[in-house]
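# Remarks on the overall topology
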Amino acid sequence: MTVSLSLERSCSNDLVIMIDALRASTTITSALQRFNTVIPVKSIENAVNIAGGLDARLAGEREGAKIDGFDVGNSPVDILKFSGEVLVLTTTNGTRVLEGMNAKVLIGSFTNAEAVAIKAIELADQHIELVMAGVKGRFVIEDFLSAGEILSHIIHLEDQEMDEMALAALMASLDKDMVDNAVKGSESAARLRGLGLEKDIEFSLQRDIYNTVPIYKNGVIKILK
Ligand code: MLT
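The notes below deal with the structure included here. (Residues numbered from 1 in each chain as written. Predicted model: local features only at pLDDT ≥ 70, side-chain atom pairs only at ≥ 80, totals over all residues. Heavy atoms only, no water.)

## Here we look at the overall build of the protein
Heads up, the condition is: Numbering of helices and strands runs from the N terminus; a helix is a DSSP stretch of H or I covering at least four residues, while a strand is a stretch of E covering at least two. Note that the radius of gyration is over C-alpha atoms, with the globule rule given as 2.2 Å times the number of residues to the power 0.38. Reported accessibility uses the Shrake-Rupley method at a 1.4 Å probe radius. Residues are deemed covered only where the shown protein chains occlude them.
Check the secondary structure of the protein and you find nine helices and 11 strands. Taken over the C-alpha trace, the protein has a radius of gyration of 16 Å; the compact-globule value for 225 residues is 17 Å, and the two agree within 12%. Expressed along its principal axes, the backbone C-alpha trace of the protein runs to roughly 50 × 35 × 30 Å. Of the roughly 9,800 Å² of accessible surface on the protein, a fraction of 50% belongs to carbon and sulfur atoms.

## Overview of the packing of helix 5 (residues 141-154) against helix 7 (residues 176-184)
Under the convention used in this document: Note on method: axes are straight lines fitted to C-alpha atoms, helices fitted across the in-contact stretch only, with angles between N-to-C directions ranging 0 to 180 degrees. To sort the angles, those under 35 degrees are grouped as roughly parallel, those over 145 as roughly antiparallel, those from 65 to 115 as roughly perpendicular, and the leftovers as oblique. For any pair of crossing helices, the crossing counts as left-handed if the nearer helix is rotated counterclockwise from the farther one by less than a right angle, and right-handed if it is rotated clockwise. Any two residues whose heavy atoms approach within 4.5 Å are treated as being in contact. Amino acids are sorted into nonpolar (Ala, Val, Leu, Ile, Met, Phe, Trp, Tyr, Cys and Pro), charged (Asp, Glu, Lys and Arg) and polar (every other residue, Gly among them).
At their nearest, the axes of helix 5 and helix 7 sit 9 Å apart, and the two run at 155° to each other. One element, helix 5, and the other, helix 7, form an angle in the roughly antiparallel class. In this structure, helix 5 crosses over helix 7, and the sense of that crossing is left-handed. Residue-level contacts link I141, E142 and L145 of helix 5 to V179, A182 and V183 of helix 7. Within the contact of helix 5 with helix 7, the residues separate by chemical class into five nonpolar, no polar and one charged.

## Quick word on the pattern of salt bridges
We count it as follows: Salt bridge, as used here, is a side-chain nitrogen of Lys or Arg placed within 4 Å of a carboxyl oxygen of Asp or Glu. Partly exposed describes any residue whose relative accessible area lies between the buried limit of under 20% and the exposed limit of over 50%, with all areas from a 1.4 Å probe on protein chains only and scaled to the type maximum.
Under the defined criterion, the tally for this structure stands at 15 salt bridges. Across the salt bridge formed by E8 and R9, the nearest N and O atoms sit 3.9 Å from each other. Put simply, R193 and E198 hold a salt bridge, and the shortest N to O gap is 3.0 Å. Here R193 falls in the partly exposed class, since its relative accessible area comes to 35%. One salt-bridge network, in which partners are shared between bridges, spans E149, K176, D180 and R207.

## Focus: the site of the ligand
The condition is simple: For each residue, the test is whether any non-hydrogen atom lies within 4 Å of the molecule or strand; if one does, the residue is near. Two N or O atoms count as a polar contact when they lie within 3.5 Å, although within protein this holds only if one can serve as hydrogen donor and the other as acceptor, and sequence-adjacent residues are included solely when both atoms are side-chain atoms.
Taken together, D20, L22, R23, A24, E61, N74, T91, T92, N93, G94, R191 and L192 form the complete shell of residues around the ligand. Within the side chain of E61, a nitrogen or oxygen atom sits 3.2 Å from an oxygen atom of the ligand. R191 is positioned with one of its side-chain polar atoms (N or O) 3.4 Å from an oxygen atom of the ligand. Relative to its unbound accessible area of 270 Å², the ligand is 99% covered by the protein chains.

## A look at the pairing of strand 2 (residues 15-19)
Stated precisely, the cut-off is as follows: Paired strands, in this sense, are two strands between which DSSP finds at least two bridges.
Among the five residues that make up strand 2, five are buried, leaving the element largely enclosed by the rest of the structure. Residues of strand 2 alternate between two faces, with L15, I17 and I19 on one and V16 and M18 on the opposite face, all of them buried. The pairing of strand 2 with strand 7 (residues 104-108) spans five bridges and is classified as parallel. Note on strand 7: the bridge partner recorded for I19 is G108. As paired elements, strand 2 and strand 8 (residues 127-132) share five bridges and run parallel to each other. Each residue of the ladder has a partner; that of I19, found in strand 8, is M132.

## Side note on the environment of V38
By the element assignment, V38 lies in strand 3 (residues 35-40). Along the backbone, V38 and V72 are 34 residues apart, and their C-alpha atoms lie at a distance of 14 Å. In this structure, V38 is in contact with A31, L32, L87, L89, V220 and I221, ignoring residues within four places of it in sequence.

## Describing the layout of surface pockets
The condition that has to hold: Space inside and on the surface of the protein is sampled on a 1 Å grid over the protein atoms alone, with a cavity defined as a set of points where a 1.4 Å probe fits but cannot get out and a pocket as an open set with protein on both sides within 12 Å along at least 5 of 7 lines; lining residues have an atom within 4 Å of a point. Grid points are joined across faces, edges and corners, and a volume is the space filled by probe spheres set on the points.
Its boundaries defined by the atoms lining it, the largest pocket holds a volume of some 190 Å³. As for the largest pocket, its lining consists of 15 residues, of which E61, G64, T92, N93 and R191 are closest to the centre. Looking at the lining of the largest pocket residue by residue, the class counts come to three nonpolar, six polar and six charged.

## Brief notes about unusual backbone geometry
In this model, L22 is joined to R23 through a cis peptide bond whose omega is 15°. The residue R23 is located in the loop between strand 2 and helix 1 (24-31) in this model. Here D55, not a glycine, exhibits a phi torsion of approximately 55°, which is positive. Among the secondary structure elements, D55 is positioned in the loop between helix 2 (44-54) and strand 4 (57-62). For D55, a relative accessible area of 75% gives the class exposed. Phi angles above zero are rare outside glycine, and D208 is one such case at about 55°. With respect to the helices and strands, D208 occurs in the loop between helix 9 (198-204) and strand 10 (214-217).

Right, dumping it as structure tokens:
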């Protein structure tokens, strides 16, 4: 099995783990504790149209802030106050990155790192690719370190060959206190703190509070059974 790490774009036709630790991956995993289906949508307009047709709840952010008229922002904490059949979610990076992926796509974060690693090993034929969502094409440290946390559960797999970026993420994630400090000191965290969303940073850094794994298929996200 080969294991690789990439930024924003996927080259795999096998198994991808999409990671947007602050916050889309974490919010999607939280949302699926309360909703059966999450529909990720790129534009605000489409999100509103799709939600209207389905009588769904609307969630999303632009520049981190809740979108006017939406039920809730892209918050893994606030989403837990809602429930229903379908949630339509639009975010700047995470939902956009999912589009156009050809592989089986799982959603990973600190909050379900072990569970997503186990499922990826089960489902992949020969290649697990972790894809960091980043921010507008740029590397961000929280996705890198969250990838490292997931890789720490994949490393036990026999006969795996990790590329150098994956190996670097794994090594960088070994010291939990350093990871927490780096994520809390990140640009994304500063932006969230500026919006009064400190609670989302703390929540997203919790390890393995969920043993559920979201899977993206045919344009929708559900819990992998
Ligand atoms: C995104 O998908 O763009 C992010 O999760 C942004 C955020 O909610 O802070």
